[in-house]
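As a plain string of letters, each chain reads:
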Amino acid sequence: MAPRVVSMEADGGSRGNPGPAGYGAVVRDPETGEVLAERSESLGTATNNVAEYQGLIAGLTAAAELGAAEVDVRMDSKLVVEQMCGRWQIKHPGLRPLAAQAAALVGRFSAVRFSWIPREQNRHADALANAAMDAAAGRPSAAAAPGRPETTPAAGQPSTTPAAPIVGSDPATAPASWEPRPTFTATRLILVRHGETPYTEQRRYSGRGDVPLSERGRAQVQATADRVAELAPSVAAVLSSPLSRCTATAASIAGALGGDVPVRTEDDLIECDFGQWEGRTFAEVRQQWPGEMDAWLASPRIAPPGGESFTQVAERAHRVISGLLTAYPGETVVVVSHVSPIKLMLRDALAAGDGFLHRLFLDAAGISVLDMWPDGGVAVRTVNDTAHLAAL
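Presented here is a report on the structure given in the accompanying data block. Everything numeric here is computed off the predicted structure, so don't read it as measured data. (Residues numbered from 1 in each chain as written. Predicted model: local features only at pLDDT ≥ 70, side-chain atom pairs only at ≥ 80, totals over all residues. Heavy atoms only, no water.)

**Details of the sheet that holds strand β6 (residues 187-193)**
Within a sheet, neighbouring strands are paired by backbone hydrogen bonds and run either parallel or antiparallel to one another.
Piece 1. Spatial strand order, β8-β7-β9-β6-β10-β11: 6 strands in an open sheet with mixed pairing. Because the sheet does not close on itself, it has two edges, and the strands there are β8 (263-265) and β11 (378-385). For this sheet the average axis-to-axis angle between neighbouring strands, irrespective of direction, equals 20°.
Piece 2. Against the sheet, helix α6 (residues 215-231) engages β6, β9 (332-337), β10 (367-372) and β11, with an angle of about 30° to β10. (Pairing = 2+ DSSP bridges. Helix = DSSP H or I, 4+ residues; strand = E, 2+ residues; numbered from the N terminus. Axes fitted to C-alpha atoms, helices over the stretch in contact; angles between N-to-C directions. Contact = heavy atoms within 4.5 Å.)

**With respect to helix α3 (residues 96-106)**
Quick reminder: α-helices carry 3.6 residues per turn. Residues three or four places apart thus point the same way.
Piece 1. Within α3, 10 of the 11 residues are buried, leaving the element largely enclosed by the surrounding structure.
Piece 2. Where α3 is buried, its residues meet α1 (48-65), α2 (78-84) and β5 (111-116). (Buried < 20%, exposed > 50% of the residue type's maximum accessible area, 1.4 Å probe, protein only.)

**Let's talk about the nonpolar core**
Note that soluble globular proteins tend to have their nonpolar side chains buried in a common cluster.
Piece 1. One finds Leu-189, Leu-191, Trp-277, Leu-324 and Leu-346 to be the most contacted residues of the largest nonpolar core, which totals 37 residues.
Piece 2. Among the elements that take part in this core, helix α10 (residues 310-327) stands out by supplying 8 residues, more than any other.
Piece 3. Each residue touching Leu-324, except ones within four places of it in the same chain, is listed here: Leu-189, Leu-239, Arg-264, Pro-329, Val-333 and Val-335.
Piece 4. Listed in part, the 30 residues of the second largest apolar core include Val-80, Leu-98, Ala-102 and Phe-109. (Core = buried A, V, L, I, M, F, W, Y, C linked by side-chain atoms within 4.5 Å.)

**What to know about the packing of aromatic side chains**
Piece 1. The final tally for this structure, using the stated rule, is 6 aromatic pairs.
Piece 2. An angle of 80° between the planes, with centres 6.0 Å apart, marks the rings of Tyr-205 and Trp-296 as edge-to-face. Within this pair, whereas Tyr-205 is found in the loop between α5 (198-201) and α6, its partner Trp-296 is found in helix α9 (residues 290-298), the two being separated by 91 residues in sequence. Each member of the pair Tyr-205 and Trp-296 is classed as buried.
Piece 3. Taking the centre distance of 5.4 Å and the plane angle of 45° together, the rings of Trp-296 and Phe-310 count as tilted. Here the residue Trp-296 occupies a position in helix α9, and Phe-310 occupies one in helix α10, the gap between them amounting to 14 residues.
Piece 4. Note on Phe-310: relative accessible area 8%, which makes it buried.
Piece 5. Joined through ring pairs, the aromatic side chains of Tyr-205, Phe-274, Trp-277, Trp-289, Trp-296 and Phe-310 make up one cluster. (Phe/Tyr/Trp six-rings, centres within 6.5 Å; stacked < 30°, edge-to-face > 60°.)

**Description of the environment of Pro-198**
Piece 1. Of note, Pro-198 is situated in helix α5.
Piece 2. With 14 residues separating them along the chain, Pro-198 and Pro-212 place their C-alpha atoms 7.9 Å apart.
Piece 3. Once you skip the residues sitting within four places of it in the chain, Pro-198 turns out to touch Val-211, Pro-212 and Ser-214.

**Here we look at the pattern of salt bridges**
Piece 1. Counted according to the given criterion, the structure contains 24 salt bridges.
Piece 2. Arg-301 is paired through a salt bridge with Glu-70; the nearest N and O atoms lie 2.2 Å apart. Highlighted residues: Arg-301 in the loop between α9 and α10 and Glu-70 in strand β4 (residues 70-75), separated in sequence by 231 residues.
Piece 3. Given the relative accessible area of 43%, Arg-301 is considered partly exposed.
Piece 4. As a salt-bridge pair, Glu-284 and Arg-204 come within 3.5 Å of each other at their nearest N and O atoms. Here Arg-204 lies in the loop between α5 and α6 and Glu-284 lies in helix α8 (residues 282-288), a separation of 80 residues in the sequence.
Piece 5. Judged by its relative accessible area of 33%, Glu-284 falls in the partly exposed class. (Salt bridge = Lys/Arg side-chain N within 4 Å of Asp/Glu carboxyl O.)

**A look at the sheet that holds strand β1 (residues 5-14)**
Piece 1. Strand order in this open sheet of 5 strands is β3-β2-β1-β4-β5, and the pairing throughout is mixed. Both edges of this open sheet fall to β3 (35-46) and β5, since each of them pairs with a single strand only. Between one strand axis and the next, the sheet turns through 20° on average, direction left out of account.
Piece 2. Both strand β2 (residues 19-28) and β3 contribute to a ladder of 10 bridges, which runs antiparallel. Of the residues in β3, the one forming a bridge with Gly-24 is Ser-40.

**Concerning unusual backbone geometry**
Piece 1. Looking along the chain, the bond that leaves Asn-17 and enters Pro-18 is cis, with omega of 5°.
Piece 2. Assignment of secondary structure puts Pro-18 in the loop between β1 and β2.
Piece 3. Counting through the fold element by element, Asn-17 comes out in the loop between β1 and β2.
Piece 4. Asn-17 gets classed as partly exposed once you look at its relative accessible area, which sits at 42%.
Piece 5. The phi dihedral of Arg-203 is positive, around 55°, even though this residue is not glycine.
Piece 6. As for its placement among the helices and strands, Arg-203 is situated in the loop between α5 and α6.

As structure tokens, then:
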């Protein structure tokens, strides 16, 4: 069985800075300390910081290959930890592609937590890195992992990962949004919730059921389309959930943008499957499933009976963002979806906790705007803008 949570230690260095360089990374079971994977590689001539980032990339790749969902990253590189947590700006142009690659890997997990540790607590990865540096310098290794033979990458493992889609990284790792990024252009996501339906008005759970827009909902959609056209006269594409309440909203927006903007449906944008709660009110669910409701409110990993958890919805939302940032770098894309996928995108963008999901209210036809940079940076410009609905 794939471990859900792993810890990962990584290190890198060079003899001379720049000089003969290498990295090491170790993935462990956090409860037993068992080593689940090791990676090390000589890099030729490189700097300490490049080697440290390569160690991080290799460790995250190994964790992903193990099927882990969450990773606790521990490194003695203050620079890498602070940059990945967004507290320090990535000024060196040679590190930005590596930070972007690491951010892309972060996006494959449901959570990645970074922490700095003293070098003495990072001895295993440090020993692997030193062995790789010795190999790069063309001399026998003077250091090996404590109590273990000197290791090399597993068969077929390259020193770096192939280019991965840049995704919205775990919010705790994204560079600070206020930092200037003259080198990059953000991809702007305009997130639109569909207009009202009869279920919206009655406050009923509306998941996979294809409930059409109400008369008021159709009026909201037209106002929303006009507002989106004001916000973004140039849009590369409009993506929509396959349910009709979203496709109708998306079609109106595309029409307001001039009619030549492509609209495509994306299955991953569909609403959460509420299972047996579909079509019921909160009060009805509370009365019939009190224990299940308490568990669902307490954890995003709990699904309604016969339904889907928010953790599963979050995985879908990650895939959507990853694809958009790859397909439309530096452009504006309109995303028409439902409460749950949009809330989860905003939760991650705002570095909010899981309680955010039950505290944020998203109106029908509300608009939220995110800017996302290829180095992992995120700026939330607008949340649940409804000014365009005031006259309705």
